[in-house]
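If you want the building blocks of each chain, they are given just below.
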Amino acid sequence: MPAMEKLAGNFFLVGLMGAGKTTVGRALARRTGKTFYDSDQEIEARTGVRVATIFDIEGELRFRNRETCVIRDLAQQRDIVLATGGGAVLREENRKVLASYGTVIYLRAAIDDLLARTLHDKNRPLLQIADPRAKLESLFNERDPLYREIADIVIDTSQQNVNLLVNRLIDQLLESPEHRKETD
């Protein structure tokens, strides 16, 4: 097991569904001694229902309102890793909050990888359609510029081992002086 890295600040993971935000986020939090949150899981904990149910009953707009509140609340905490929902960047307010309160890490993956990772997941309301590939391509084209706009680090998660990916990510974080914690 690699040693725990001493890195200051919050880390916010953005990217499309299936990019690995929750998996990488958990591993990054373990390695850095930070608290991990997933914005979708936090919404489910606060409402008592699944994200897919919120989409069905309240629609995407109300879901996005809930998401904005959760991101605003969590981003102001200290020493966290937050995996955001894929569409969190659609709102300018969310982009500003994420950019202001931590380091934004864009986990980017090829459409084929995203499709393979999400194909059988029934908890992806936007992909419960006849042509999920076309939807992923459309989402990528719409959101990639927004992810890049706020990203401090862009890292490719296609065909990557999680531990190697986290090692690469920590190496990049260690290169920037604002993340080094003073040791006693």
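Residues numbered from 1 in each chain as written. Predicted model: local features only at pLDDT ≥ 70, side-chain atom pairs only at ≥ 80, totals over all residues. Heavy atoms only, no water.

Short version of the rule: UniProt positions are given in the numbering used here, feature names are shortened, and annotations may be inferred rather than shown by experiment.
An unreviewed UniProt entry lists the protein under the name Shikimate kinase, with Chromobacterium phragmitis given as the organism. Reading the Catalytic activity (unreviewed entry) entry of the UniProt record for the protein gives the comment "shikimate + ATP = 3-phosphoshikimate + ADP + H(+)".

1. Side note on the environment of Leu174
Convention followed: Secondary structure is summarised from DSSP: a helix means a run of H or I of at least four residues, a strand means a run of E of at least two, and numbering begins at the N terminus for each. The rule is simple: take the accessible area with a 1.4 Å probe, protein chains only, and divide by the maximum for that residue type; under 20% is buried, over 50% is exposed, in between is partly exposed.
Relative to the assigned elements, Leu174 resides in helix H7 (residues 162-174). We classify Leu174 as partly exposed; its relative accessible area is 26%. Separated by 167 residues in the primary sequence, Leu174 and Leu7 place their C-alpha atoms 7.2 Å from one another.

2. Re the pattern of salt bridges
Our working definition: Salt bridge, as applied in this entry: a Lys or Arg side-chain nitrogen positioned within 4 Å of an Asp or Glu carboxyl oxygen.
Tallied over the full model, the rule gives 14 salt bridges. Glu149 is paired through a salt bridge with Arg95; the nearest N and O atoms lie 3.2 Å apart. On the criterion of sequence distance, the pair formed by Glu149 in helix H6 (residues 132-150) and Arg95 in helix H4 (residues 92-101) is long-range, its members being 54 residues apart. Accessibility expressed as a relative area gives 11% for Arg95, which makes it buried.

3. Digging into the sheet that holds strand E3 (residues 80-83)
Note: strands within a sheet are paired through backbone hydrogen bonds, in either parallel or antiparallel orientation. Let me state the cut-off plainly: Between any two strands, pairing holds if DSSP finds at least two bridges. Angles shown run from 0 to 180 degrees and are taken between the N-to-C directions of axes, each axis being a line fitted to C-alpha atoms and, for helices, limited to the stretch in contact. In this analysis, two residues are considered to be in contact whenever any of their non-hydrogen atoms come within 4.5 Å of each other.
The sheet built from five strands is open, its strands ordered E2-E3-E1-E4-E5 with parallel pairing. The sheet is open, and its two borders are formed by strand E2 (35-38) and strand E5 (153-156), each paired with just one other strand. Strand-to-strand, the axes of this sheet are offset by a mean angle of 20°, without reference to chain direction. In the packing of H7 onto the sheet, the strands contacted are strand E1 (11-14), strand E4 (103-108) and E5, and the crossing angle to E5 comes to about 160°.

4. A look at the packing of aromatic side chains
For clarity, the cut-off: Pairing of aromatic side chains here covers Phe, Tyr and the six-membered ring of Trp, requires ring centres within 6.5 Å, and sorts the geometry by plane angle: under 30 degrees stacked, over 60 edge-to-face, intermediate tilted.
Summed over all chains, the structure comprises two aromatic pairs. With centroids separated by 4.9 Å and ring planes inclined at 40°, the aromatic side chains of Phe55 and Phe63 adopt a geometry described as tilted. Judged by relative accessible area, Phe63 falls into the buried class, the value being 2%. Taken together, a centroid distance of 4.8 Å and an interplanar angle of 35° make the contact between Tyr106 and Tyr147 tilted. Residue Tyr106 is located in strand E4, and its partner Tyr147 is located in helix H6; the two are separated by 41 residues in the primary sequence. Owing to a relative accessible area of 1%, Tyr106 belongs among the buried residues under this scheme.

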